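Coordinates in review
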Amino acid sequence: MTTLVTDNCQRCRFTECVTACPVSAFHAGEDMLFINPDVCVDCGACIPKCPVQAIYEDLDLPDELEEWIDINERRAKKLPIITKKESAYEGAEDRKKTLGF
Amino acid sequence: MNKPADLNVETFHGGCPHDCPDTCSMVFTVKDKKLISVTGNPDHPMTQGGLCVKLKDYEQRHYHPDRLLYPMKRTGPKGTKQFERITWDEALDTITTKWKKIIAEDGPQAIMPNSYLGHQGLVHGLNGGDAFFNRMGATVTERTFCGEGSCTAWLMTVGPTAGVDPESFIHSKYIVIWACNSASTNLHHWAIVKKAQAKGAKIVVIDSYASKTAKQSDWHIAPKPGTDGALAMAMMQVIIEENLQDQDYIDNYTEGFTELAERAKTRTPEWAEKITGIPAEDIRKLAREYATSQPSAIRIGVALERTYGGSQAIRAVTCLPALIGAWRHVGGGAIQFPVWEHPYKFDVMCRPDLIPEGTQVVNNLQLGRVLLGEMDLKTPIKSMMVWNTNPLTQAPETDKIAKGLEREDLFTIVADHFITDTAAYADIILPAAMGAEMEDMILSWGHLYLTYNEKCIEAPGEAISNMEIFRRLAKLMGYEEENFKWSDHECLENFVDWDASTCEGIDLDYLREHGYARLKDFGDKDVRARHAKGEFATETGKCHFMVKGAKNFVAGPFRQMYEGFQPGEDLDSLPDYVESRETPTTNPELAAKFPLNIISPKSHGFLNSCYANDTRKIKGQGEQSILLNKLDAETRDIKDGSVIKVFNGRGSFKGVAKISEDVNAGIVVATLGYWRQLNDGTVNCTSFAEFGDMGHSPTFSDNLVNVGLAL
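What you see is a predicted model; the values in this text were computed from it and never measured. (Residues numbered from 1 in each chain as written. Chains lettered and ligands numbered in written order. Predicted model: local features only at pLDDT ≥ 70, side-chain atom pairs only at ≥ 80, totals over all residues.)

1. A few points about the overall build of chain B
Put simply, the rule is: Runs of H or I in DSSP of at least four residues are treated as helices and runs of E of at least two as strands, each being numbered from the N terminus. Note on method: radius of gyration uses C-alpha positions; expected globular size equals 2.2 Å times residues raised to 0.38. Once C-beta atoms are placed from the backbone, each residue is buried if 20 or more other C-beta atoms lie within 10 Å of its own, exposed if 12 or fewer, and partly exposed for counts between those two.
Helix and strand content of chain B: 23 helices and 27 strands. Radius of gyration (C-alpha) of chain B: 25 Å, near the 27 Å computed for a compact globule of 711 residues. Taking the principal axes of the C-alpha coordinates as reference, chain B spans close to 70 × 65 × 55 Å. When the 711 residues of chain B are sorted by exposure, 61% land in the buried category.

2. Details of the overall build of chain A
From N to C terminus, chain A includes 2 helices and 4 strands. Ordered by position from N to C terminus, the α and β elements of chain A give β-β-β-β-α-α. Against the globule reference of 13 Å for 101 residues, chain A gives a C-alpha radius of gyration of 12 Å, in line with a compact fold. Along the three orthogonal principal directions, the C-alpha set of chain A runs to about 35 × 30 × 25 Å.

3. A few points about the nonpolar core
Our working definition: Buried Ala, Val, Leu, Ile, Met, Phe, Trp, Tyr and Cys residues whose C-beta atoms connect them within 7 Å together make up a nonpolar core.
In this structure, Ile175(B), Trp178(B), Met235(B), Val646(B) and Val668(B) are the most contacted members of the largest nonpolar core, which totals 256 residues. Considering every element that reaches this core, the biggest residue donor is helix H8 (residues 228–241) of chain B, with 10 residues.

4. Things to note about the domain arrangement of chain B
Interfaces are frequently sized by the accessible area removed from exposure as the parts join. Residue and element names in this part refer to chain B. Defined as follows: The source of the domain bounds is an automatic or database domain assignment. Placing a C-beta atom from the backbone of each residue, one calls two residues in contact when those atoms lie within 7 Å.
You can read the domains of chain B as domain 1 (72–146 + 342–518), domain 2 (148–336) and domain 3 (588–709). On a C-alpha basis, the centroid separation for the pair domain 2 and domain 3 is 27 Å. Contacts between the two partners involve 25 residues from domain 2 and, on the opposite side, 22 residues from domain 3. Of all elements in the fold, only helix H4 (148–158), helix H5 (182–185) and helix H13 (310–323) reach the threshold of two or more residues within the side of domain 2 that touches domain 3.

5. Looking at the pairing of strand E9 (residues 202–206) of chain B
Residue and element names in this part refer to chain B. Quick note on the threshold: One requirement defines pairing of two strands: DSSP has to find at least two bridges between them.
Along E9, 4 of the 5 residues are buried, which leaves the element largely enclosed by surrounding structure. With 5 bridges connecting them, strand E8 (residues 174–178) and E9 associate as parallel partners. Within E9, the residue paired with Ile175 across the bridge is Ile203. Relative to strand E10 (residues 219–221), E9 is paired through 3 bridges, and the arrangement is parallel. Counted as the bridge partner of Val205 is His220 from E10.

6. A few points about the sheet that holds strand E1 (residues 9–15) of chain B
Neighbouring strands of a sheet are bound in pairs by backbone hydrogen bonds; such pairs are parallel or else antiparallel. All names here are of chain B. Filter applied, for reference: What counts as an axis is a line fitted to C-alpha atoms, over the stretch in contact for a helix, and the angles between N-to-C directions run from 0 to 180 degrees.
Pairing is antiparallel across the open sheet formed by 3 strands, whose spatial order is E1-E2-E3. At either margin of the open sheet sits one strand with a lone partner, and together these are E1 and strand E3 (34–40). Here the strands of the sheet are splayed against their neighbours by 25° on average, with no regard to which way each runs. The pairing of E1 with strand E2 (residues 25–31) spans 7 bridges and is classified as antiparallel. Looking at E2, one finds that Thr11 is bridged to Thr29.

7. Side note on the packing of helix H11 (residues 269–276) of chain B against helix H12 (residues 280–292) of chain B
All names here are of chain B. Just so we agree on the cut-off: For any pair of crossing helices, the crossing counts as left-handed if the nearer helix is rotated counterclockwise from the farther one by less than a right angle, and right-handed if it is rotated clockwise. For this classification, Asp, Glu, Lys and Arg are treated as charged, while Ala, Val, Leu, Ile, Met, Phe, Trp, Tyr, Cys and Pro are nonpolar and the rest, including Gly, are polar.
Across the interface, H11 lies against H12 with an axial gap of 8 Å and an inter-helix angle of 115°. Pair H11 / H12 crosses with right-handed handedness. In this structure, H11 uses Pro269, Glu270, Ala272 and Glu273 to contact H12, whose residues at the interface are Ala280, Ile283 and Arg284. Tallied by class, the residues present in the contact of H11 with H12 amount to 4 nonpolar, no polar and 3 charged.

8. Points about the interface of chain B and chain A
Contact residues are listed per partner, giving 22 residues for chain B and 13 residues for chain A. For the side of chain B that touches chain A, the secondary-structure elements that each account for two or more residues are helix H6 (187–198) and helix H22 (615–621) of chain B. In terms of residues, the side of chain B that touches chain A owes the most to one element, H6(B), which gives 6 residues.

9. Topic: the environment of Thr540(B)
All names here are of chain B. Within the element layout of this structure, Thr540 appears in the loop between strand E20 (516–518) and strand E21 (543–544). A residue is classified by how many C-beta atoms lie within 10 Å of it, and Thr540, with 12 of them, is exposed. Sequence separation between Thr540 and Tyr253 is 287 residues; the distance between their C-alpha atoms is 9.3 Å.

10. Focus on the packing of H8(B) against H11(B)
Residue and element names in this part refer to chain B. Counted only if it meets this: Note that the term roughly parallel is reserved for angles under 35 degrees, roughly antiparallel for angles over 145, roughly perpendicular for angles of 65 to 115, and oblique for everything else.
Their axes nearest at 9 Å, the elements H8 and H11 cross at an angle of 165°. Between H8 and H11, the angle falls in the class roughly antiparallel. Along this stretch, H8 crosses H11, giving a crossing that reads as left-handed. Of the residues in H11, those in contact with Ala230, Leu231, Met233, Ala234 and Val238 of H8 are Pro269, Trp271, Ala272, Ile275 and Thr276.

11. Structural notes on the sheet that holds E9(B)
All names here are of chain B. Strand order across the open sheet formed by 5 strands is E10-E9-E8-E12-E13, with parallel pairing between neighbours. Here the strands that pair on one side only, and so sit at the sheet edges, are E10 and strand E13 (333–335). Put simply, the sheet's adjacent strands are angled 15° from each other on average, direction ignored. On top of the sheet, H13 reaches E8, strand E12 (296–300) and E13; it is set at about 160° to E12, its chief contact.

12. Focus: the pairing of strand E22 (residues 596–599) of chain B
All names here are of chain B. Both faces of E22 are covered, namely the face carrying Leu596 and Ile598 and the face carrying Asn597 and Ile599. Here E22 runs beside strand E26 (residues 667–669); their pairing, made up of 3 bridges, is parallel. Paired with Ile598 across the two strands is Val668, which belongs to E26.

13. Focus on H13(B)
Residue and element names in this part refer to chain B. Condition: For a helix, the expected span equals 1.5 Å multiplied by the residue count minus one.
Its 14 residues place the ends of H13 20 Å apart at the C-alpha level, agreeing with the 20 Å of an ideal helix rising 1.5 Å per residue. Among the 14 residues in H13, 14 count as buried, and that is most of the element. Looking one or two residues past H13, Gly325 carries a phi angle of roughly 70°, positive in sign.

What follows is the structure, given as structure tokens:
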């Protein structure tokens, strides 16, 4: 049971989601965020905050994104915690449009 | 509250009705008379807009395809879930005709109520039916599933105080979470604790296994189950031996220090190491850090009481903040259940004045024994009404309960949302309304706010609120007291002490508009130090390390406010370590057959047995698993993923083995809530219905079992 960040976050990194997390489960990579599954309480508060629908509850994860479960677990534990909104990745708005949002 | 642009959409304030300390303020959104979303109230200082995994799609629970919509009567053998729809008239007529017959033949005490906190509303919750059954003269039922021994221990020591404000933990420098998996069961407090941790506070979690919370602590201390009292006593010994106590605070605001110090003298860390398995040097370090890092705060978890000596352990823990003067500071002290300072009028809710003198008392932990005639009752039980609880998963000695419910001469009525394990045995099932379908205020045992819940949709089918059930029953039984005619709204006007200083400026209109209100005279979380100058809620105003002549009791709200037949046995005047009944050390004979201690915490994805019938929630939570250490697995040829059976002389259940370092050898962990009708037994099939040392607490963690490959 966890919630995780998937590839739509790459080079978007809007970081609005971290403000909704009650337990500081987000970790900041250079071009995207990851969720630590040991910390996430699966409340889902972050999901509607993402403008590019990068965040999924694992129960709703499309099959082709399955690999992101392991990636979140592995990467989150090596990266610093992020709890405050930061500026989006350079070119995030363009990428958002490319993704169809 | 607000009316968004879409004229068909309206929002209302709700309160989470579940058995959880957080009592979240919520926002219900209704479109075309349908509940379309439930979210956390962003304005609420604790909820802060977030709910938990259980409640995040609460609107869907209201429209669950298995909701009970109509009254039903049984048409097949008990437990086989064969029912047919009947009218409310037939249901209520059947019930009251049968009850009148029982009352005429056996007396009203042959009927017992059975409820708990399946709904935490002041109107529809724990005490909603008490006035009705007290008026009837039915057997009084104690309900001591969860925290009642803790209440007794807390009340004896510091009186009915809310303790440290849970929001003030943000100022704490040293936080001890003692026997609570906050990340799963006290989420909004956990969020505050995590913020304090980010600010530099040290978080210590004391728990017998590595819970989700323990794994995120700065220091996880894992005493053997049921030995927390020894750990707390040894902390006292170190504090006093090393002169770390706050003598000025002790001299002015406590009683019994000399006697406590004498008691603690022999409870050395070396003594406690042998009992708890915690190295003596770690105990010294904990005591020193706790005493010298102010403000320090302790979250007393519900699980601490769940062994025979659990409540004495809680007394010991409750003494610690006064010993070191932690109460002097904002964010210093301890928290148990802040409900003690909420302005609820339990006597008006329960009407204990209507109880006939000499009325017998049973306890819902011992339901199996009660129904099977093992309790030597003056009047044996012939009928039981169950609402807001599901004893067949939640109460110990479950197999006995099932056998009792099979009795052909037992007339059972269950009001619920679904055909629960217990409802499956009912003669009559009544469909109950759910959260958004009824007006109420939700009590809190975890924060300092009043919480309002507005009725914003109609209940489906013919479901009605619990209080409406009792209003209709009272009318047919001929009970004329005014309270049986109060609407839900009028109940709220009468059940809350609106004249209390805590309610200054707050009324139902205010609550409807805002959803919640902070109790007025509690001060700000950033300045409030409730017991900086003593002022405890005891008769003397002091913290009682020692209580002379103390007798055991169950707090009123958990026994219909009845004072008759309290347990009453003499209690030790001082806190101490009291051994469990079932551990390899204290009961080697039993441990020769059943060598493992089981702990049964709440499931992260269920709320007790609520949601454990929901496919999505079950998928999220996963099937029943049993955590065990590889040393215990290897000797039994158990592999990770093996289907195993947990068993003892009381019963058994099955689950999937998860071999894990999260548990020490000698302990197994299986979470609670799974339904018996969907699984092969449940954790409470193995648990014991004997009480703990105080307040008739449960002893769910004082339980020896064995495990083996399921055949």
